[in-house]
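Read off the chains here:
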Amino acid sequence: MVGHSLGGALAAIATASFGASGVKIAATYTYGEPRNGNTAYGNYLLGFVGVNNYYRVTHNNDGVPSIPPSAIGYYHHGNEFWQKAA
């Protein structure tokens, strides 16, 4: 699965959906993915692809990954890889 911005959130949801349907997911790559669930959702999602096969790339100048706020229960899942240069 792969997606950018809102598509990154959709790729995460698709990973959980396809995984729950028995489809094996080799890896998921997201770029600028917003937060899209709580910690229980993140653990559920990573159960299908594994933390070592979930790649969440974030640019240091992108605001989308900071929404919705963690103060209301949304958290990122998987490992984050930072793109620091333009």
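Here the structure is a predicted model, which is why all the values come from computation and not from measurement.

Visitor: Help me out: how do you make sense of the pattern of salt bridges in this one?
Guide: Once their charged atoms are close, side chains differing in charge can pair, the charge on each being opposite to the other. A full pass over the atoms with the stated rule returns 1 salt bridge. Put simply, Glu80 and Arg56 hold a salt bridge, and the shortest N to O gap is 3.4 Å. With Glu80 in strand E4 (residues 79-83) and Arg56 in strand E3 (residues 54-59), this pair connects stretches of sequence that are 24 residues apart. Residue class for Arg56 comes out buried when judged on its relative accessible area of 4%.

Visitor: When you look at the pairing of E3 in this model, what are you seeing that I'm missing?
Guide: Within a regular beta strand, the side chains point alternately toward one face of the sheet and then the other, so they alternate between its two faces. Every second residue of E3 is oriented toward a common face, the buried set being Tyr54, Arg56 and Thr58 and the non-buried set Tyr55, Val57 and His59. At this point the chain moves from strand E2 (residues 28-31), through helix H2 (residues 39-49), to the parallel E3, and the crossover so formed is right-handed. Of the pairings in the sheet, the one linking E3 to E4 comprises 5 bridges and is parallel in character. Residue pairing across strands places Thr58 opposite Trp82, the latter belonging to E4.

Visitor: Is there a simple way to explain the sheet that holds E4 in this structure?
Guide: Strands pair in a sheet through their backbones, by hydrogen bonds, and they do so in one of two ways: parallel or antiparallel. Judged by pairing direction, the sheet is parallel, and its 4 strands sit side by side in the order E1-E2-E3-E4 without closing on themselves. Of all the strands in the sheet, just strand E1 (2-4) and E4 have a single pairing partner and so form its edges. On average, adjacent strands in this sheet sit at an angle of 15 degrees to one another, irrespective of strand direction. Examined bridge by bridge, E2 and E3 share 4 bridges and lie parallel to one another. If you follow Tyr31 over to E3, its bridge partner there is Val57. Helix H1 (residues 6-20) rests against E1, E2 and E3 of the sheet, and its axis sits at about 150 degrees to E1.

Visitor: Explanation requested: a nonpolar patch on the surface in the structure shown.
Guide: Residues Met1, Phe18 and Val23 make up a contiguous nonpolar surface patch of roughly 240 Å² in combined accessible area. Mapped onto the fold, Phe18 is located in helix H1. Judged by its relative accessible area of 40%, Phe18 falls in the partly exposed class.

Visitor: Just to check I follow, could you spell out the confidence of the model for the protein for this structure?
Guide: Detailed reading of the predicted coordinates is not advisable wherever pLDDT is low. Predicted confidence across the protein gives a mean pLDDT of 94, with 99% of residues reaching 70 or more. Predicted confidence in the protein is weakest over E4, with a mean pLDDT of 90, and strongest over E2, with 97.

The rules we used
- Residues numbered from 1 in each chain as written.
- Predicted model: local features only at pLDDT ≥ 70, side-chain atom pairs only at ≥ 80, totals over all residues.
- Heavy atoms only, no water.
- Salt bridge = Lys/Arg side-chain N within 4 Å of Asp/Glu carboxyl O.
- Helix = DSSP H or I, 4+ residues; strand = E, 2+ residues; numbered from the N terminus.
- Buried < 20%, exposed > 50% of the residue type's maximum accessible area, 1.4 Å probe, protein only.
- Right-handed = clockwise from strand over helix to strand, strands pointing away.
- Pairing = 2+ DSSP bridges.
- Axes fitted to C-alpha atoms, helices over the stretch in contact; angles between N-to-C directions.
- Contact = heavy atoms within 4.5 Å.
- Patch = residues over 30% accessible without salt bridge, like charges linked within 9 Å, V, L, I, M, F, W, Y side chains within 5 Å.
- Areas by Shrake-Rupley, 256 points an atom, 1.4 Å probe, with all protein chains shown as cover.
- pLDDT = per-residue confidence, 0-100.

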